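In case you want the letters, here they are:
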Amino acid sequence: MRSGLSEQQAGADPLRLFGVWLEDAVRAGLPLPNAMTLATVSAEGAPDARIVLLKGLERGGFAFYTNYGSRKAHQIDARPLACLVFQWSELERQVRIEGEVEKVSAAESDAYFASRPLGARLSAWASAQSASVASRKVLEEAMEKARKRHGDAPPRPPHWGGYRVIPQRLEFWQGRADRLHDRLLYTRAAAGWKIERLAP
């Protein structure tokens, strides 16, 4: 009920519109405005989803970082397709993004890794993400071992880095009165983007 979304307001570039909406969420003081659901599919076709953080909107895609040995990474390697969902309930907005997934460059992963807090960099060495672990104590001991080995300057582990979702479809949803919501779908075309309105 806060606002509408017309084709004129949205414009021809969905990435620009997404940037505007993300900035609106930041200015509104919403917690973790860059949190997104990342949905993937296993090699057997089973769906899976989890919350990750958007760490960059660059090179025409949505970047996030993880352990390349994690469950989601194995799924992406088997089927490099994903769906992202952002929900900003207080603004009555949602964005769905479908696309292909590619790894970011080693240089990009190095640069982002270097910007992370020390503890997060050390835990990238200590934690074999998604693997079974006997106890919390095992993790703490692995963390201490990483701290002793790398000190204050841990390099990026070779098994850790980024992925980028290159969008093929983006849907913007704006809540409206009487459930007559605004839904605009952008689909990648040969030249630019095709935009169409969907029934709520």
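Use the structure listed above.
The structure contained in this document is the topic of the report that follows. From a predicted model like this one, the values you see are computed outputs, not experimental measurements. (Residues numbered from 1 in each chain as written. Predicted model: local features only at pLDDT ≥ 70, side-chain atom pairs only at ≥ 80, totals over all residues. Heavy atoms only, no water.)

It is worth spelling out the overall build of the protein chain at this point. From N to C terminus, the protein chain includes six helices and nine strands. With respect to the principal axes defined by its C-alpha atoms, the protein chain has extents near 55 × 35 × 30 Å. Here the protein chain has roughly 10,900 Å² of accessible surface; of this, 53% comes from carbon and sulfur atoms. The protein chain carries 29 positive and 23 negative side-chain charges, and their two centres are separated by 4 Å. (Helix = DSSP H or I, 4+ residues; strand = E, 2+ residues; numbered from the N terminus. Areas by Shrake-Rupley, 256 points an atom, 1.4 Å probe, with all protein chains shown as cover. Lys, Arg positive; Asp, Glu negative; His and termini not counted. Charge placed at Lys NZ, Arg CZ, Asp CG, Glu CD.)

Turning next to the environment of Arg59. As for its placement among the helices and strands, Arg59 is situated in the loop between β3 (56-58) and β4 (61-67). Distance from Arg59 to Ile166, taken between C-alpha atoms, is 8.6 Å for residues 107 residues apart in sequence. In terms of polar contacts, Arg59 uses its side chain to reach the side chain of Glu108, at 3.2 Å. (Polar contact = N/O pair within 3.5 Å; in protein donor to acceptor, adjacent residues only side chain to side chain.)

A contiguous nonpolar patch, built from Val133, Val138 and Leu139 and spanning about 200 Å² of accessible area, is present on the exposed surface. Topologically, Val133 is positioned in the loop between α5 (118-126) and α6 (136-150). Taking relative accessible area as the criterion, Val133 reaches 39% and is therefore assigned partly exposed. (Patch = residues over 30% accessible without salt bridge, like charges linked within 9 Å, V, L, I, M, F, W, Y side chains within 5 Å. Salt bridge = Lys/Arg side-chain N within 4 Å of Asp/Glu carboxyl O. Buried < 20%, exposed > 50% of the residue type's maximum accessible area, 1.4 Å probe, protein only.)

Let us now look at the pairing of strand β2 (residues 47-53). Only one face of β2 is buried: it carries Asp48, Arg50 and Val52, and the other face, with Pro47, Ala49, Ile51 and Leu53, is open. As defined by bridge partners, strand β1 (residues 35-41) adjoins β2 across seven bridges and the pair is classed as antiparallel. Residue pairing for β2: Leu38 is matched across the bridge by Arg50. As consecutive antiparallel partners, β1 and β2 are separated by five residues, and within that stretch Gly45 has a phi angle of approximately 95 degrees, a positive value. (Pairing = 2+ DSSP bridges.)

So, about unusual backbone geometry. Phi is positive for Glu92, which is not a glycine, with a value near 55 degrees. With respect to the helices and strands, the residue Glu92 is situated in the loop between β5 (81-88) and β6 (93-103). Even without a glycine there, the phi angle at Arg179 is positive, about 65 degrees.

This part covers helix α2 (residues 14-27). In a regular helix each residue adds 1.5 Å, so 14 residues correspond to 20 Å; α2 covers 20 Å between its end C-alpha atoms and thus fits that length. Taking the backbone nitrogen of Leu15 as reference, a side-chain oxygen 3.0 Å away marks Asp13 as the first, capping residue of α2. Just downstream of α2 lies Gly29, where phi reads positive at about 75 degrees. (Expected span 1.5 Å × (residues − 1).)

This brings us to the pairing of β6. For β5 and β6, the ladder comprises eight bridges, and the chain directions are antiparallel. Bridged to Cys83 within β6 is Glu98. Hairpin connection between β5 and β6: a loop of four residues separates the two successive antiparallel strands, and Glu92 in this loop has a positive phi of roughly 55 degrees. When β6 meets strand β7 (residues 160-174), the two strands line up antiparallel, connected through eleven bridges. Of the residues in β7, the one forming a bridge with Val95 is Phe172.

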